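As a plain string of letters, each chain reads:
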Amino acid sequence: MPTPLQPALDWFTSLGWKPQKFQREAWEAYLSGKSGLVNAPTGSGKTYSLLIPALLEGLANSEKPKAKGEGLQLIWITPIRALAKEIELSSKRAITGMGLNWQVGIRTGDTSSKERAAQKRKMPEMLITTPESLHVMLTQKGYPDLFKNLKGFVADEWHELMGSKRGVQVELALSRLKAIAPDIKLWGISATIGNLEQGLEILMGTDFYPRAVTIRADIKKDLQVETVFPDEIEHFPWAGHLGLKL
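Figured I'd write up the structure that's included with this text. Here the structure is a predicted model, which is why all the values come from computation and not from measurement.

### So, the side chain of Ser 49
Thought 1: Here Ser 49 shows up in helix 3 (residues 46–62).
Thought 2: Reaching out from Ser 49, the side chain makes a polar contact with the backbone oxygen of Lys 46 at a distance of 2.5 Å.
Thought 3: Leaving out residues up to four positions away in the same chain, Ser 49 has contacts with Phe 22, Gln 23, Ala 26, Trp 27 and Val 38.

Right, dumping it as structure tokens:
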């Protein structure tokens with residue numbers, strides 16, 4: 001009997017992939033309406049641990065008559081603008097592979113005024129943005145209409161934002177979005193974080209924290225350190241010129 005995860009499992013199988021244990025845990029937690037924080041090493045599939053369940057939810061809603069499936073459904077916060085394009089490509093790949101009719105947009109300081117105007121007229125279902133750009137959107141006239149159907153919010157690389165001015169921007173934005181879309185699911189992603197529980201508490205806030213979950217990947221990475229020396233060091237000092245030889 002097909003499960004709600006089947007479209008994702010089929011797509012993974014078509015690529016020769018197998019979901020990691022932490023990915024499936026995140027999928028199931030998200031689809032059950034929970035919020036939380038995913039902690040997993042870089043390169044282990046953190047993005048798909050939260051992108052996939054958001055797409056599965058969108059797929060399920062698209063099949064319901066008169067479902068609130070229009071407009072912005074998912075906000076993906078990235079602290080680094082350079083990562084926005086990478087996340088966009090991964091998202092479009094999954095959307096196409098799972099047969100979902102979603103549009104993906106990017107909203108950063110580099111987004112043209114033409115694109116911003118188009119987004120205001122019709123928001124994509126998934127928006128990849130930065131804390132600063134999100135705050136600009138929250139100052140626009142009629143902004144509650146942009147976010148009224150929002151179902152998911154992901155703060156990527158949360159350890160980079162937490163405890164900084166930009167992290168406070170995320171917290172303030174979330175306090176407003178919770179009021180506009182009270183059923184929203186809040187999630188964070190972090191590869192390196194020592195104070196995991198505190199990171200979860202700060203992201204969730206006092207209202208969401210008591211029922212939030214943490215999902216940790218049980219993946220051990222072997223490190224191999226190789227020292228690199230030039231064939232000839234000659235008479236140059238270790239600073240400066242040596243870099244040309246490496």
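Further notes follow.
### Quick notes on the sheet that holds strand 5 (residues 152–155)
Thought 1: An order of 3-4-2-5-6-1-7 is seen for the seven strands of this open sheet, with the pairing classed as parallel. Here the strands that pair on one side only, and so sit at the sheet edges, are strand 3 (104–107) and strand 7 (213–216). Here the strands of the sheet are splayed against their neighbours by 15 degrees on average, with no regard to which way each runs.
Thought 2: Sheet analysis places strand 5 next to strand 6 (residues 185–190), joined by four bridges and oriented parallel.

### Notes on the pairing of strand 2 (residues 74–77)
Thought 1: Burial of the side chains of strand 2 extends over both faces: Leu 74 and Trp 76 are buried on one face and Ile 75 and Ile 77 on the other.
Thought 2: Relative to strand 4 (residues 126–129), strand 2 runs parallel, the two being bridged by four bridges. Along strand 4, the bridge assignment pairs Leu 74 with Met 126.

### Notes on the pairing of strand 3
Looking down a regular strand, the side chains alternate between one sheet face and the other.
Thought 1: The alternating pattern of strand 3 places Val 104 and Ile 106 and Gly 105 and Arg 107 on opposite faces, both of which are buried.
Thought 2: Here strand 3 runs beside strand 4; their pairing, made up of four bridges, is parallel. When the sheet's bridge partners are listed, Gly 105 is paired in strand 4 with Leu 127.
Thought 3: For the crossover that starts at strand 3, traverses helix 5 (residues 113–121) and ends in the parallel strand 4, the hand is right-handed.

### A short note on the packing of helix 1 (residues 6–14) against helix 2 (residues 21–31)
The description of two packed helices rests on the angle between their axes and on the distance between the axes.
Thought 1: Closest axis-to-axis distance for the helix 1/helix 2 pair is 12 Å, and the angle between their directions is 155 degrees. Taken together, the axes of helix 1 and helix 2 lie roughly antiparallel to each other. The handedness of the crossing between helix 1 and helix 2 comes out as right-handed. Together, Ala 8, Leu 9 and Phe 12 of helix 1 and Gln 23, Arg 24 and Trp 27 of helix 2 make up the contact between the two elements.
Thought 2: Its residues assigned to classes, the contact of helix 1 with helix 2 comprises four nonpolar, one polar and one charged.

### Some words on the pattern of salt bridges
Thought 1: Tallied over the full model, the rule gives six salt bridges.
Thought 2: Between Asp 110 and Arg 81 there is a salt bridge, with the nearest N and O atoms lying 3.2 Å from each other. Placement of the pair is Asp 110 in the loop between strand 3 and helix 5 and Arg 81 in helix 4 (residues 81–98), with a sequence separation of 29 residues.
Thought 3: For Asp 110, a relative accessible area of 60% puts it in the exposed group.
Thought 4: With its nearest N and O atoms 3.2 Å apart, the salt bridge here joins Lys 92 to Glu 88. Of the two residues, Lys 92 and Glu 88 are both situated in helix 4; the distance of four residues between them amounts to about one turn of the helix.
Thought 5: Looking at Lys 92, the relative accessible area reads 39%, which means it is partly exposed.
Thought 6: Through salt bridges with shared partners, one network takes in Lys 85, Glu 88 and Lys 92.

### Observations regarding the packing of helix 9 (residues 165–180) against helix 10 (residues 196–208)
Thought 1: Following both chains from N to C, one finds helix 9 and helix 10 inclined at 30 degrees, their axes separated by 10 Å at the closest point. Seen from above, helix 9 lies across helix 10 with right-handed handedness. Residues Val 170, Glu 171, Leu 174 and Lys 178 of helix 9 touch helix 10, and the partners they reach there are Ile 202, Leu 203, Met 204, Gly 205, Asp 207 and Phe 208.
Thought 2: Class assignment of the residues belonging to the contact of helix 9 with helix 10 gives a composition of six nonpolar, one polar and three charged.

### A word on the nonpolar core
Thought 1: Core analysis: the largest hydrophobic core is formed by 38 residues, its most contacted members being Leu 50, Ile 52, Leu 74, Trp 76 and Met 126.
Thought 2: By residue number, the principal contributor to this core is helix 3, which donates eight residues.
Thought 3: With sequence-adjacent residues up to four places away left out, Met 126 is seen in contact with Leu 51, Leu 72, Leu 74, Trp 76, Ile 87, Ser 91, Trp 102, Gln 103, Val 104 and Gly 105.
Thought 4: Residues Ala 155, Val 170, Leu 196 and Phe 208 belong to the second largest nonpolar core, which totals 33 residues.

Each value, and the rule that gives it
- Residues numbered from 1 in each chain as written.
- Predicted model: local features only at pLDDT ≥ 70, side-chain atom pairs only at ≥ 80, totals over all residues.
- Heavy atoms only, no water.
- Helix = DSSP H or I, 4+ residues; strand = E, 2+ residues; numbered from the N terminus.
- Polar contact = N/O pair within 3.5 Å; in protein donor to acceptor, adjacent residues only side chain to side chain.
- Contact = heavy atoms within 4.5 Å.
- Pairing = 2+ DSSP bridges.
- Axes fitted to C-alpha atoms, helices over the stretch in contact; angles between N-to-C directions.
- Buried < 20%, exposed > 50% of the residue type's maximum accessible area, 1.4 Å probe, protein only.
- Right-handed = clockwise from strand over helix to strand, strands pointing away.
- Parallel < 35°, antiparallel > 145°, perpendicular 65-115°, else oblique.
- Left-handed = near helix turned anticlockwise from the far one by under 90°.
- Nonpolar A, V, L, I, M, F, W, Y, C, P; charged D, E, K, R; others polar.
- Salt bridge = Lys/Arg side-chain N within 4 Å of Asp/Glu carboxyl O.
- Core = buried A, V, L, I, M, F, W, Y, C linked by side-chain atoms within 4.5 Å.

Function cannot be read off these values alone, since they describe shape.
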